[in-house]
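Understanding the architecture of this molecule
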Amino acid sequence: MSATGSIVREFADLDALSSAAADEFRLIAIASVTARDCCRVVLPGGNTPRRLFEMLATPTYRNTVPWDRLEFYWGDERMVPPDDPDSNFRMANEALLAKVPLHPAAVHRVQTESGSPEEVASGYAVELSQLRTTPNENRSPVFDVILLGMGSDGHTASLFPHSPVLGHVGQWVVPSRAPKPPHERITMTAEVINAAREVIFLVSGADKAEVLAQVLEGPADAQRLPAQLSAPSHGRLLWFVDSAAASKLTRAGQQGRFRV
Ligand code: 6PG
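Residues numbered from 1 in each chain as written. Predicted model: local features only at pLDDT ≥ 70, side-chain atom pairs only at ≥ 80, totals over all residues. Heavy atoms only, no water.

1. Some remarks on the packing of aromatic side chains
Taken as a whole and assessed by the stated rule, the structure comprises 7 aromatic pairs. Between Trp 67 and Phe 72, the ring centres sit 6.4 Å apart and the planes meet at 25°, which makes this aromatic pair stacked. Here Trp 67 and Phe 72 have matching classes, each one buried. Ring geometry for Tyr 73 versus Phe 143: centroids 5.1 Å apart, planes at 65°, classification edge-to-face. Of this pair, Tyr 73 sits in strand β3 (residues 70-74) while Phe 143 sits in the loop between α5 (117-129) and β5 (145-148), and the two are 70 residues apart along the sequence. Judged by relative accessible area, which is 0%, Phe 143 ranks as buried. Taken together through their ring pairs, the aromatic side chains of Phe 25, Trp 67 and Phe 72 make up a single cluster. Here the basic side chain of Arg 109 rests over the ring of Phe 89, its NZ or CZ set 5.8 Å away from the ring centre. (Phe/Tyr/Trp six-rings, centres within 6.5 Å; stacked < 30°, edge-to-face > 60°. Buried < 20%, exposed > 50% of the residue type's maximum accessible area, 1.4 Å probe, protein only. Helix = DSSP H or I, 4+ residues; strand = E, 2+ residues; numbered from the N terminus. Lys NZ or Arg CZ within 6 Å of the ring centre and 35° of its normal.)

2. Remarks on the side chain of Ser 32
Of note, Ser 32 is situated in helix α1 (residues 14-36). Given the relative accessible area of 3%, Ser 32 is considered buried. In contact with Ser 32, other than residues within four places in its own chain, are Asp 37, Cys 38, Cys 39 and Asp 144. (Contact = heavy atoms within 4.5 Å.)

3. Digging into the packing of α1 against helix α2 (residues 49-56)
With their axes 9 Å apart at the nearest point, α1 and α2 run at an angle of 55° to one another. By the angle class used here, α1 and α2 are oblique. Classified by chirality, the crossing of α2 by α1 is right-handed. Here Leu 14, Asp 15, Ser 18, Ser 19, Ala 21, Ala 22 and Phe 25 of α1 lie close against α2, whose contacting residues are Arg 51, Leu 52, Met 55 and Leu 56. Each residue belonging to the contact of α1 with α2 can be placed in one class, and the counts come to 7 nonpolar, 2 polar and 2 charged. (Axes fitted to C-alpha atoms, helices over the stretch in contact; angles between N-to-C directions. Parallel < 35°, antiparallel > 145°, perpendicular 65-115°, else oblique. Left-handed = near helix turned anticlockwise from the far one by under 90°. Nonpolar A, V, L, I, M, F, W, Y, C, P; charged D, E, K, R; others polar.)

4. So, the site of the ligand
Near the ligand lie 15 residues; those nearest to it are Thr 48, Asp 76, Arg 78, Ala 157 and Lys 208. Residue Ala 157 places a main-chain N or O atom 2.6 Å away from an oxygen atom belonging to the ligand. Here an oxygen atom of the ligand and a side-chain polar atom of Lys 208 are 2.7 Å apart. In isolation the ligand exposes 420 Å². Once the protein is present, 87% of that is buried. Looking at the shell around the ligand, its residues break down into 2 nonpolar, 9 polar and 4 charged. (Near = heavy atom within 4 Å. Polar contact = N/O pair within 3.5 Å; in protein donor to acceptor, adjacent residues only side chain to side chain. Areas by Shrake-Rupley, 256 points an atom, 1.4 Å probe, with all protein chains shown as cover.)

From the geometry alone we can't say anything about function, so treat these as descriptive.
Quick look at the structure:
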């Protein structure tokens, strides 16, 4: 995949990556609120974003981000209760959302307890449809920033290699099955991801090095490497990576890569 559409920023370690991501998040939030009086954010799951969330909850960002104009959604969720240790909502809520002055209705978690995976996915899609500017618009809602992680198998959100959901067109949220437990997931599709104004991947650790090089510098093969599906049609695609994850990238500087 040519990463010419991506900007890759490399950092010494996860702390430096998270600090820069927090600064970028604040810039995007302020710009969105200034332009549109709101900033709609999609959060990732997994462990990598925890440090970013913790930093955003510190006074440096707690006191300078326009939290009361931010709305939070999830790019994917495990089909577990919201208080389950595997819940993406629980991690974000404990590390960040419960610690910042959000508008009470600003947290749009996936209501995993509301039915079958199909029912939960369609319920979340209905919630997303309320974000459209005109009721009969069938284009995907536009999020201001979508944060994503990437697994060592090249998945992102809960879009897993060779999954039948990868090719879904016209659907915004679908059930998905993960190879590792919790197996049942709900995920936004690439259609929603690629409608965003900003897509930011957070990738840390040597275990991601091989797949990151394949995703950014290898041939296009989105069935095998679903992270390659992320190609915002009008938005910016940023990769915040630490040096361990970037250790197998070869074309320094060619894809807008900056060592910071
Ligand atoms: C999930 C995530 C998933 C995650 C990657 C990376 O629900 O697990 O959305 O896509 O971002 O698996 O996870 P780590 O950050 O833990 O490596």
